[in-house]
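Chain by chain, the residues:
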Amino acid sequence: MNFFRGVMGGQAAGPQPSGAETIQKLCDRVASSTLLEDRRDAVRALKSLSKKYRMEVGTQAMDHLINILQTDRSDSEILGYALDTLYNIICNDEEEEQDAVTPLPASGKQKNVSMPDEAAQKQADDLGAQFTDQFIQDPEHVTLLLTLLEEFDFHVRWPGVKLLTALLKNQGPQVQGIILVSPMGVSRLMDLLADSREVIRNDGLLLLQQLTKSNAAIQKIVAFENAFERLLDIITEEGSSDGGIVVEDCLLLLLNLLKNNSSNQNFFKEGSYIQRMKPWFEVGDDNSGWSAQKVTNLHLMLQLVRVMVSPVNSPGATASCQKSMYQCGLLQQLCTILMATGVPADILTETINTVSEVIRGSQVNQDYFASVNAPSNPPRPAIVVLLMSMVNERQPFVLRCAVLYCFQCFLYKNQKGQGEIVATLLPSTIDANSISAGQLLCGGLFSADSLSNWCAAVALAHALQDNLTQKEQLLRVQLATSLGKPPVSLLQQCTNILSQGDKIVRRGSKVQTRVGLLMLLCTWISNCPIAVTHFLHNQENVPFLTAQISENLGEDERLVQGLCALLLGICIYYNDNSLENYTKEKLKQLIEKRIGKENFVEKLGFITKHELYSRAAQKPQPVFPSPEQMLFDHEFTKLVKELEGVITKAVHKSSEEEKKEEEVKKTLEQHDNIVTQYKELIREQDAQIQELKEQVASMTTQNEQMQNTVTQQLSQIQQHKDQYNILKLKLGKDNQSQSNSQGESSQVNGLQTEELTQLREEVEELRKQHSLLQTQLSDKDALINTLRSEKTEGSAAGSDNTELLKELEALRSQVQSQSAEITQMKTERQELLRRAEAGSSDAVSSSDGSSDAAKIAEVESRLAAQTTETEKLKEEAKSLSQSRAELEQQLASANSTVAILQTEKTKLQTEVQESKKEQDDLLMLLADQDQKIHSLKQRLKDLGETVDDEDDLDARDQTDDDYEEDEDED
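Once that is clear, we can look at the overall build of the chain. The number of helices and strands found in the chain is 43 helices and 4 strands. Counted over contacts in the chain with a minimum sequence separation of 6, partners at least 24 positions apart contribute 73%. Carbon and sulfur atoms form 50% of the exposed surface of the chain, whose accessible area is close to 51,700 Å².

Given below as structure tokens:
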């Protein structure tokens, strides 16, 4: 123990060992001691030396410390010492390294005590990375550390969290890969957020920040471990924007999880977590107390909103988030902050950028933003207030950039908003008593501040982006330059400022102004032949552009030359040749004479080769380090990319190539017209086919109804037959009675006679029905033969439908007649039953018992004959019923044959139409061939060659004669 007293500060006799020797002895003690207390004291001593002798402890003791973690799991104290020691030798934090700085010299002069110099810091970082590589060389060490984090003991869990955080800082991707493949590795780390001890929970947040950096797979796992719910709960518990550093850590972790991760963004939106962000931005009326931490928290919250609606996200996901933010009131809350007073400048700037992306491309959000008014007297639209800040040179540069971005997002894919902005410039809508957006833009466009000129030009260009109507409307804007002079158009004023030789405009510091005006003019006249004509109508514009392009100017003026070349190229490409002096051909000749085509194309390429061009093309938000570098707009870079190639081709094309292109365009238009006609014909035929299908469907329905009716009638006939059999049995029983009198027998005979008459009538009716069905079947056969004969003609659809309708009417009338007959038969049947009952009762009452035996025999013989005849009639009725069923089956097969023939007829009609189309194409080809032959003959004649036309005429005459003879023979 004396050895440890010497190490821990006690005085021992003899010479003191060096640090390396002491560490070596301690390592031997850790490796060889059998008592847990000895090992614990040795590890504690290593911990105390690990900061001062970081290199020695890390080189000699790391393996022994890892062995302690594996073997002494039961003692939390020694585990804590070992983890702290490993953390000290691996961690590169600045505050942890301050103890290792060289002590003060005797003179008392400080040598950078507060922080190590760059060389020392780099050496410390390299040392930490080296020890980290040594620790993670075996992945089981990281797995062991994850297992130790399950220990609830504070002295084990807290240093374990810090050690894993340090490992992730030094070698993040490697440690992330090990944790990702470790079973339940991420889930164990997520449990740290539920720890009741705030120190562990807060350090757990720092650990998860390092764990989720640039690893989408881990980000998804953490998100699906309910991270959003836990983090939002912590933010709410800590006071939202008024909270401390813990809120900042939670927001940083949320940014890691959501940025550039579409899956987590969708999960965040679907989980209704956007609605929980609204209370963060509820700022009170008293905005005087803005602490630094609150500014940081609110800044991160605004960044979180921007991540969800960033322009780099997929359009569908962005639109869905924008809709949710409007519905839950988040956009309204942001606009409240936007118009509030006392908000710090950086928060106001970030709020403007956030509102910009929330409304970008969303018509509903843009309409709401247009309706927001500032709390002033009188109230002014928020757009007007923001534009006032943009054209005010005393405002901060970043704020003016944010306002410009907001205005661009408001007009992005918003033709309604573009029309409203342009309308404020038109003479009929100008209000002299109020300041409008158009007045502010014009004021900024012609002010003395070059940045205001550029911002106003770009803002006005966005009001014209992809909107031909507003480009033409803006040509009506008139400006009063000075008293006593007539007003000039806005287009004319812009070109005047460019073309005038004033030194103020030509100075190098005003390149920004000229670039802005040229971008505005290029956007204005592109894809608008009317604006091109107005621009060329000024006789000074084209000479100015050619002079600018042909001059050999400095490096700063090359961009202006390129934009002038682009403007002149647009005048060529979108020229409708309405001005004789400035047609496409004449402008190209002018370029060839004054500039040279190759020189023109070279100057045009100066735009895309500029270093600031590629920076502006990366993202829509205008972000520039200084006002002097603010030269290109994002949307304008798209326009340049679209027009550079076509302008180059247009300049190099000859007049013959242009004529050929025009001919090709005309031919394509003719083909388009032909295709349109065929499409209309196909639509008509589709309508006719649809009508026929509906008719067939209705006929099928009617046929099914009739079949159901026939089935019901057959069942009724069967019921009547059953009733007849019952009645016959009853009458037979009455006739077998020997006590019946002669009157009874005569009544029975009369009754049976009537029944036989009735049966005969029924049989006759069935025969009539049989003959009628035979007639219908023959009609069907005739109809089938007719359809087969007219199959090739393809014009019998209407007549077939008419015949089918007639058949249906005939079947309907037949069913009605059968129903009437059945009703009549029922009535007669009831009458027979009534008479039979009355006859039997009379016979019983008047029986005198003196009947003659001969009469009885005669009655019995007559009854037997009538019974035989009845059986014959029944058999005949049965056979007629069977034949009727067969006829009905034949009728159904005939209907199916008709349907098949209809299908074949439709196919034939389609083939006929296709053959007609092919014939038309052949005729067109023949006409083109004749025209080519004629043109070739004409060219031969022009070249002086003799063309024998008489042979062709004779051949044609002979062909015509032969054709007439063939017609006569036909």
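It is worth spelling out helix H30 (residues 511-525) at this point. Compared with an ideal rise of 1.5 Å per residue, which puts 15 residues at 21 Å, H30 spans 21 Å between its outermost C-alpha atoms and is within 8% of the ideal. With respect to burial, H30 is a largely interior element, 15 of its 15 residues being buried. With its phi angle positive at about 60°, Asn527 sits one or two positions after the end of H30.

The next subject is the packing of helix H9 (residues 154-170) against helix H12 (residues 198-211). Packing of H9 against H12 brings their axes to within 9 Å, and their N-to-C directions diverge by 20°. Comparing the axis directions of H9 and H12 gives the class roughly parallel. In the crossing of H9 with H12, the sense of the turn from one axis to the other is left-handed. Between H9 and H12, the residues in contact are Phe154, Arg157, Trp158, Val161, Lys162, Leu164, Thr165, Leu168 and Lys169 and Val199, Ile200, Asp203, Gly204, Leu206, Leu207, Gln210 and Leu211, respectively. Here the contact of H9 with H12 is composed, by residue class, of 10 nonpolar, 3 polar and 4 charged.

Moving on: the packing of aromatic side chains. One pass over the full model with this rule turns up 11 aromatic pairs. Between Phe369 and Phe410 the ring centres are 6.1 Å apart and the planes differ by 55°, which places this aromatic pair in the tilted class. Of this pair, Phe369 sits in helix H21 (residues 363-371) while Phe410 sits in helix H23 (residues 397-411), and the two are 41 residues apart along the sequence. Residues Phe369 and Phe410 agree in their burial class; the two are buried. A ring pair is formed by Tyr613 and Phe632, whose centres lie 5.6 Å apart and whose planes are at 90°; its orientation type is edge-to-face. Linking Tyr613 in helix H37 (residues 611-616) with Phe632 in the loop between H37 and helix H38 (634-652), this pair joins segments that are 19 residues apart in sequence. The exposure class of Tyr613 is buried, given its relative accessible area of 10%. Cluster of aromatic residues (ring-pair linked, three or more members): Phe224, Phe228, Phe267, Phe268 and Tyr273.

Of note, the phi angle at Met184 is positive, near 60°, even though the residue is not glycine. Mapping Met184 onto the fold places it in the loop between helix H10 (172-181) and helix H11 (185-190). By relative accessible area, which is 56% here, Met184 ends up exposed. Unusually for a residue other than glycine, Asn260 sits at a positive phi of about 60°. Owing to a relative accessible area of 64%, Asn260 belongs among the exposed residues under this scheme.

With that settled, consider helix H32 (residues 541-550). Counting buried positions along H32 yields 7 of 10 residues, so the element is predominantly enclosed. Taken together, the buried positions of H32 are occupied by Asn541, Val542, Phe544, Leu545, Thr546, Gln548 and Ile549.

On the surface, Leu180, Val181 and Ile221 cluster together to form a nonpolar patch covering roughly 250 Å² of accessible area. For Val181, the location among the structural elements is in helix H10.

Below, the discussion takes up the environment of Leu880. Mapping Leu880 onto the fold places it in helix H42 (residues 853-942). In sequence terms Leu880 and Gln769 are 111 residues apart; their C-alpha atoms lie 9.0 Å from each other.

To continue, consider a negative patch on the surface. A cluster of acidic residues, Glu911, Glu914, Glu918, Asp920 and Asp921, forms a negative patch at the surface. Within the fold, Asp920 resides in helix H42.

Per the stated rule, a full pass over the model turns up 21 salt bridges. We note a salt bridge from Arg40 to Glu77, for which the minimum N-O separation is 3.6 Å. Of this pair, Arg40 sits in helix H3 (residues 36-49) while Glu77 is found in helix H5 (residues 76-90), placing the two residues 37 residues apart along the sequence. One continuous salt-bridge network, built from bridges that share partners, spans Arg40, Asp41, Arg44, Asp75 and Glu77.

Looking at the chain, pLDDT values average 81 and 76% of them are 70 or higher. Contacts from residues 738-751, a stretch scored under 50 in pLDDT, to residues over four places away or in other chains number 24 contacts. Per-residue pLDDT stays below 50 along residues 794-799; that stretch engages in 8 contacts with residues further than four places along the chain or on separate chains.

Below, the discussion takes up the environment of Ile337. Along the polypeptide, Ile337 turns up in helix H19 (residues 330-339). Judged by its relative accessible area of 3%, Ile337 falls in the buried class. Distance from Ile337 to Glu282, taken between C-alpha atoms, is 8.3 Å for residues 55 residues apart in sequence. Leave out the neighbours within four places in its chain, and Ile337 touches Phe281, Val283, Val343, Leu348 and Thr351.

Right, let's talk about the side chain of Asp75 for a bit. Inspection of the secondary structure puts Asp75 in the loop between helix H4 (54-71) and H5. Apart from residues no more than four positions distant in its own chain, Asp75 is found in contact with Leu36 and Arg40.

Our focus in this paragraph is the environment of His652. Checked against the element boundaries, His652 lands in helix H38. Among the residues examined, His652 registers a relative accessible area of 36% and is labelled partly exposed. Separated by 54 residues in the primary sequence, His652 and Glu598 place their C-alpha atoms 9.2 Å from one another.

About the thresholds
Residues numbered from 1 in each chain as written. Predicted model: local features only at pLDDT ≥ 70, side-chain atom pairs only at ≥ 80, totals over all residues. Heavy atoms only, no water. Helix = DSSP H or I, 4+ residues; strand = E, 2+ residues; numbered from the N terminus. Contact = heavy atoms within 4.5 Å. Areas by Shrake-Rupley, 256 points an atom, 1.4 Å probe, with all protein chains shown as cover. Expected span 1.5 Å × (residues − 1). Buried < 20%, exposed > 50% of the residue type's maximum accessible area, 1.4 Å probe, protein only. Axes fitted to C-alpha atoms, helices over the stretch in contact; angles between N-to-C directions. Parallel < 35°, antiparallel > 145°, perpendicular 65-115°, else oblique. Left-handed = near helix turned anticlockwise from the far one by under 90°. Nonpolar A, V, L, I, M, F, W, Y, C, P; charged D, E, K, R; others polar. Phe/Tyr/Trp six-rings, centres within 6.5 Å; stacked < 30°, edge-to-face > 60°. Patch = residues over 30% accessible without salt bridge, like charges linked within 9 Å, V, L, I, M, F, W, Y side chains within 5 Å. Salt bridge = Lys/Arg side-chain N within 4 Å of Asp/Glu carboxyl O. Lys, Arg positive; Asp, Glu negative; His and termini not counted. Charge placed at Lys NZ, Arg CZ, Asp CG, Glu CD. pLDDT = per-residue confidence, 0-100.

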